[in-house]
Amino acid sequence: MARFLAAVMNEGVLASRKSGIKILEAESVNQMLTPSQNGFGVFWYSDWLWNYGDKDHILIGHNGAELGYFSYLVFNPKDNVGVILLANTDRGDKTESIEKLIKDLFEATQGR
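Note that the coordinates shown come from a computational prediction; the quantities given were computed from them, not determined experimentally.

Tracing the chain through its elements places Thr109 in the segment after helix H3 (95-108). With 87 residues separating them in the primary sequence, Thr109 and Lys22 have C-alpha atoms 26 Å apart. Within the local environment of Thr109, its side chain forms a polar contact with the backbone oxygen of Phe106, the two atoms lying 2.6 Å apart.

Of the two faces of strand E4 (residues 81-87), only one is covered, namely that formed by Val81, Val83, Leu85 and Ala87; the face formed by Gly82, Ile84 and Leu86 stays uncovered. Alignment of strand E3 (residues 69-76) against E4, held across 7 bridges, turns out to be antiparallel. When the bridges of E4 are listed, Tyr72 appears paired with Leu85. Connecting E3 to the antiparallel partner E4 that follows it, the hairpin turn spans 4 residues, and Asn80 within it adopts a positive phi of roughly 55 degrees.

A few words now on the sheet that holds E4. Strand order in the open sheet formed by 4 strands is E1-E2-E3-E4, and the pairing between neighbours is antiparallel. The open sheet has two free edges, formed respectively by strand E1 (45-52) and E4, since each of these has just one partner strand. Averaged over all neighbouring strand pairs, the angle between strand axes comes to 30 degrees, with direction disregarded. Note: strand E2 (residues 55-66) against E3, 7 bridges, orientation antiparallel. Bridging from a neighbouring strand, Ala65 pairs with Phe70 of E3.

Here is what the cut-offs are and how they apply
Residues numbered from 1 in each chain as written. Predicted model: local features only at pLDDT ≥ 70, side-chain atom pairs only at ≥ 80, totals over all residues. Heavy atoms only, no water. Helix = DSSP H or I, 4+ residues; strand = E, 2+ residues; numbered from the N terminus. Polar contact = N/O pair within 3.5 Å; in protein donor to acceptor, adjacent residues only side chain to side chain. Buried < 20%, exposed > 50% of the residue type's maximum accessible area, 1.4 Å probe, protein only. Pairing = 2+ DSSP bridges. Axes fitted to C-alpha atoms, helices over the stretch in contact; angles between N-to-C directions.

What follows is the structure, given as structure tokens:
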């Protein structure tokens, strides 16, 4: 998932030791990230407002959950930083603490 997210953040080019390997066309990435309905593109929510570091940020990403599992895959295109969070538990009433963890991870990258 991290390699896929990095490729999306890099216009389809895979970030690896074999640099320059394109797994997605830039136009495909653009289509995936372009909002089409209610802030959603293909798979991605493209207008996700998060506040961290004492200011608002627009993130792009997706989250999901099933019984016993949840995930978040989000990135800040302005700062070129992404966060992936996977857990083997129900999200249940933990949404606030989960989102705080994600905010903390983004804040840790500030000023890098």
